[in-house]
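Chain by chain, the residues:
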Amino acid sequence: MGQVTWNDARGFSPATSACCSSASSYVTFLLSLPPKSSVSSNLGGRDSRNVTYDDADEQQAEVAGENPLASFQVTCPICRKGANVTGDRIDTLHLNHYAVKLLELIDYFKLERNNKLPCIGCAEPAHWRCIECDENYCQEHSDFHHKSRATCDHRILTFKQILLSPRSLSTMRNQYCSHHNNKPLELFCKDCNRAICTLCAVTQHKTHETKEVSDAVAALRSKIDALKPQISMNLYSLKQAMTRVKTAMREVNVDAQVSSRKVSGMIEMCVTAVREKERELVAELETKKRVNNEIINSQKELLEGELNSMQAGREFVERAFIGSEVEVLCLEPQIVAKMDELISGDCPSLQANVDKVSFSPSGHENIFKAIEVLGKVGPPKPDRGPRMIVDENGELVLLDNNGNIIRGETKELLALLKKNILEEEIRLAEEQRQRELEEEKARRQEAARLKALEPPRTPTPLPPRDFTLPFEFSRTFGKMGMEGGMFNGPVGLCSTEKGHLVVCDVHNNRIQVVRTDGTYVQSFGVTGTGVGEMNGPNDVCMFNGRNFLVADTYNDRVQLFAPTGRFIRTIGQKARRRAMFNIPGGQNKKPDSMEGVFDKPFGVTVNSKGQILVSDMGNHRIQMFEKSGDFKCQIGCRGEDPGQLMYPYGIAVDSDDNIYVCDLGNHRVQKFTAEGRFKQVIGGKGVENGEFQQPRSIAVDEKTGCVAVVDT
């Protein structure tokens, strides 16, 4: 790679300046030359352009029989267009008058700063330049030039103004011929590819094809306009390819994070099972130990009694001989009897055998083998659901439920995608219902079998339950952390039909599913703003009895996930503007374009019709969506009157689909009908019973109709 450098910009003229006609603002650019050659050319005047390489490599090229100066490639840094230059000169390149003029002005500016640039009409320093006349003036001649009738419409600027706005050079009304200074460039020679004046047209270019500059510019503009659609398509294709690359990169990161969490969860489950087995074996050892200790202690007590009796008899015999001989003879019958008792006494034997306790490892070889095949990293299982894909030709197509590829307009494909998604949800719901029926049938058969094995017994009537008693604490589970079963700021909670608990792990930006005993089941979602990613999920509820609806608060949207955690679709979008319009009656109303737009949705719930209700806190309203995700209506607007809301938070529905909303900013709970009409205000600001201070969460018992409110 060589470099062409202008050593001196003063004295430049169009005849001695060469650069690409597209690179109008570049003074220096790189040349793609033959490897390691040396080129030095003097183009006349004060313009010198040098390209230097190592002499050793030049000699090597000469030895190989190559001529390093024969030809080389010049590449423009702007348009990337290459041009072959033959010989040791590079003045065969296309001329760029704009670059030449800019270089000349830079040199003039340096002289003007040192007061060395002379005025064209006197010896005073020049500080002004006429764009049309291309001449430098002092203050006096500048004023005269401006007041003259012939030149009063000329633009006179300082050099600093020109350099700060170089486009003023390209927007001047007239440019003049370098050979005939008083003649403007009005014609364009197609053979020479340059602008000429009328005198040049009848002398030097009289045999060439010429046309007016305006006509040439119009023809060029038409040609460019004809190419613009193809360029736009190419740009669109490149942007689409870049989008696919970014999407693939994001999916790779998301898949890696999700898979990593799955691995951690699986290993944690295995470790938990091993620990549970450890506790079971240790408990069994402790039981054996306790039984053996009881047997040994009973035998110990028996032996201690016999030992004490024998020691007492021996002491009695020894003490009998301490007295006089007459006393010893008097005690002879007792002494003989005690001796016979001691001699005839048998040592009691162990009445029960003590089992020795030991541990024999078994089955661990199977565990080691299972660990070797525990999990597999590879491509995911094929997704049967409908989705939009990009085929091998880069065209956006629809892959339907049956795996067929459908082509068409984007709008039609999106409508078909929505229809296929609904059909897929119905199919999955039916499959889930059939599985649950089969599981229920199997449970009933097993329960009947076990009941048949039980002996008959007389049922004992149960005492009546006292529902006034408080709940008793059962258990806690989870701890601070990022692994499966650990939480960092759990806020929202709901339960599945299987009895599993679904928790919004808000600071870990994910949803976790656990059993009621705290056993980790699964989690989905990672930190981010893409599809399936989350930023501060605050509420979750069940949709269609099996899917999860998540209020992705700080991404300003609601996301729908399948039971496996697979992303299905997004409901709503982020607000692009915060404008509100006043209407008569003191109410504020959002424009129609704000339908389906969220500003920090905090609560989400579903009524019996499958309609989705979202508390749009930042927009001070409730938004209702159909089951398909289409916007239906808005409930409430910003205000303090009944039916108006101020930062709505928690939301719930009762068995009649009446809507209950925690009106956080107004310190109350409001009740609306299923259609969204205001019905009732519950409570108000205060600390007494029935009053609230920023109520945040709410739940309704569908059987009794009781309403429970979290009053912060």
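Our structure's up above, just so we're on the same page.
Just so you know, the residues in each chain are numbered from 1, in the order the chain's sequence is written. Side-chain atom pairs in this predicted model are given and counted only at pLDDT of 80 or more, local residue features only at pLDDT of at least 70, and totals for whole chains, interfaces and linings cover all residues. Note that the side-chain values use all heavy atoms of the structure and ignore hydrogens as well as water.

**A word on the pairing of strand β24 (residues 557–561)**
Exposure classes here rest on a 1.4 Å probe applied to the protein chains alone. A residue is buried below 20% of its type maximum, exposed above 50%, and partly exposed in between. Helix numbering and strand numbering both begin at the N terminus, where a helix is a DSSP run of H or I of at least 4 residues and a strand a DSSP run of E of at least 2. With five of five residues buried, β24 is to be regarded as a mostly interior element. Of the two faces of β24, both are covered, the one formed by Arg557, Gln559 and Phe561 as well as the one formed by Val558 and Leu560. When DSSP finds two or more bridges between two strands, those strands count as paired. The hairpin turn running from strand β23 (residues 547–552) into β24, its antiparallel successor, is four residues long, and Asp556 in that turn takes a positive phi close to 55°. Here β24 runs beside strand β25 (residues 567–571); their pairing, made up of four bridges, is antiparallel. From the neighbouring strand, Leu560 faces β25, where its bridge partner is Arg569. Linkage of β24 to β25, two consecutive antiparallel strands, is achieved through a turn of five residues, within which Gly565 is found at a positive phi near 95°.

**Section: the sheet that holds strand β18 (residues 510–514)**
Spatially, four strands are ordered β16-β17-β18-β19 in an open sheet, and the strand pairing comes out antiparallel. Strands with a single pairing partner mark the edges of an open sheet, and in this sheet they are β16 (490–495) and β19 (520–524). Averaged over all pairs of adjacent strands, the angle between strand axes in this sheet comes to 20°, irrespective of strand direction. Pairing of β16 with strand β17 (residues 501–505), which is carried by four bridges, proceeds in the antiparallel orientation. Bridging across to β17, Cys494 finds its partner in Val502. Each axis is a line fitted through C-alpha atoms, taken for helices only over the stretch in contact, and angles between the N-to-C directions span 0 to 180 degrees.

**A short note on the pattern of salt bridges**
What counts as a salt bridge is simple: a side-chain nitrogen of Lys or Arg found within 4 Å of a carboxyl oxygen of Asp or Glu. Within the structure shown, the criterion is met by 19 salt bridges. Arg621 is paired through a salt bridge with Asp616; the nearest N and O atoms lie 3.1 Å apart. Accessibility classification places Arg621 together with Asp616 in one group, the buried group.

**Re helix α7 (residues 213–320)**
Helix span, as expected, comes to 1.5 Å for every residue beyond the first. The terminal C-alpha atoms of α7, which comprises 108 residues, lie 153 Å apart, in line with the 160 Å expected from a rise of 1.5 Å per residue. The largest bend along α7 measures about 35° and falls at Lys228, with the proline Pro229 one to four residues further on. Buried within α7 we find Ala216, Val254, Arg261, Gly265, Asn292, Ile295, Gln299, Gly313, Val317 and Ala320. Think of it this way: the bend at a residue is just the angle between two axes, each fitted to seven residues, one set ending at that residue and the other starting at it.

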